[in-house]
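# Reading the structure
Chain residues, written in single-letter form:
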Amino acid sequence: MWGMGRYLRLLLAFARFGLVNEMAFRSNFLIKLFVQVFWLALMLAFYSTVFALNNNSPVAGWSKWQFLCFLGCYFALEGVVETFFLGNCNEMTNLVRSGDLDLYLVKPIDEQFLVSCRKIDWSSVPNIVMGLSLMGISIAHLSISLSPAHLILFPLLFVCGVALAYSFLLMLSSTAIWTVRNQSLMELWWLCTTLMRYPRTIFQGPVGDPLKWFFTYILPILLIVNIPVETVTGELQSIEALWRWSIFTVVATIALLWLSRRFFKFALQSYRSASS
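Structural notes, computed from the coordinates. Everything numeric here is computed off the predicted structure, so don't read it as measured data.

## Points about the overall build of the chain
- Looking only at helices and strands, the chain has 13 helices and zero strands in total.
- The linear arrangement of helices and strands in the chain, starting from the amino end, is α-α-α-α-α-α-α-α-α-α-α-α-α.
- In terms of overall size, the chain behaves like a compact globule, its C-alpha atoms giving a radius of gyration of 20 Å where 276 residues would be expected to give roughly 19 Å.
- Taking the principal axes of the C-alpha coordinates as reference, the chain spans close to 65 × 40 × 35 Å.
- Taking all 276 residues of the chain together, the buried fraction comes to 47%.

What follows is the structure, encoded as structure tokens:
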């Protein structure tokens, strides 16, 4: 029986191996880093222009620095997902088609951990650093007073956001067991990231309100970035609202993790190895 300590040591070994591989092709690694920095700079320029055209007035209830804090949290959270999970889940199709999944299923380790965490993408780590740095700069400009509850809950809710994103990604990648080529289904992940990128308050009106309700309570994609950010930008200053949304997010995270685990196991039951 593998304990948590052994899984942590194995994850560190994966990280070291991934870094060695990246350093074997330094030029490619540096180019990927440049792309990450350029993408953030491009988005900062775009949104700064949007607020400048609006005379730096709030848009959909969000000031410039509140939204930049939101953008920073999105980049940091997406960076964590891309560093640890995205590349692995995208390769699920190749594992099924080639039969290499057989090799993972016979190893004395949890299949889900090995399939979804075996490779670490170090080129996405700058997204985490840049995102958290942008959050820190934005919060300093907001000059708001945060209670200890806000500061304590943010890391917890950030982890919940990562777990929610991972759950969606795992379920999407698990469909490769039946479809083998599930590229069209993986496009749904990029649609999810598009929804994650914007505050939920922009969804208003006869079309926006139902969408906001659906992607908050049925498929809680809008919780992933919104709730962590709202704890540190003043959107959830009310202690009652803070705890209500925090508890709901934690419960939704536990439910989605359980559901994705069950879905992954169910998909494996339908898998036919290359030798069968």
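From this point, the narrative continues.
## Quick notes on helix 7 (residues 125–142)
- Between its terminal C-alpha atoms helix 7 stretches 26 Å, which fits the 26 Å expected from 18 residues at 1.5 Å a residue.
- Among the residues of helix 7, Pro126, Asn127, Ile128, Met130, Gly131, Leu134, Met135, Ser138 and Leu142 are the ones counted as buried.
- Contacts from the buried residues of helix 7 go to helix 2 (26–53), helix 3 (64–90) and helix 8 (148–174).
- Of the residues trailing helix 7, Ser143 is marked for its positive phi of about 55 degrees.

## Structural notes on the side chain of Asn127
- Mapped onto the elements of the fold, Asn127 is located in helix 7.
- For Asn127, the side chain forms a polar contact with the side chain of Gln36, separated by 3.1 Å.
- Those residues in contact with Asn127 that sit more than four places away from it in its chain are Gln36, Phe75, Ala76, Gly79 and Glu82.

Criteria and thresholds
Numbering of residues begins from 1 in every chain and follows the order in which that chain's sequence is written. With pLDDT at 70 or above as the cut-off, local features in this predicted model cover only qualifying residues; side-chain atom pairs require 80 or more to be listed or tallied, and sums for whole chains, interfaces and linings still use all residues. The basis for every side-chain value is the complete set of heavy atoms in the structure, and neither hydrogens nor water enter the calculation. Comment: elements are numbered from the N terminus, with helices defined as DSSP H or I runs of at least four residues and strands as E runs of at least two. In this setup the radius of gyration rests on C-alpha atoms only. A globule is expected at 2.2 Å times the number of residues raised to 0.38. Each residue is assigned to one of three classes by its accessible area relative to the maximum for its type, calculated with a 1.4 Å probe on protein chains only: buried under 20%, partly exposed between the two thresholds, exposed over 50%. Here a helix's expected span is defined as the number of its residues, less one, multiplied by 1.5 Å. A contact between two residues is defined here by any heavy atoms of the two lying within 4.5 Å. Under the rule applied, a polar contact is a pair of N or O atoms within 3.5 Å (in protein, one hydrogen donor and one hydrogen acceptor; residues adjacent in sequence only if both atoms are side-chain atoms).

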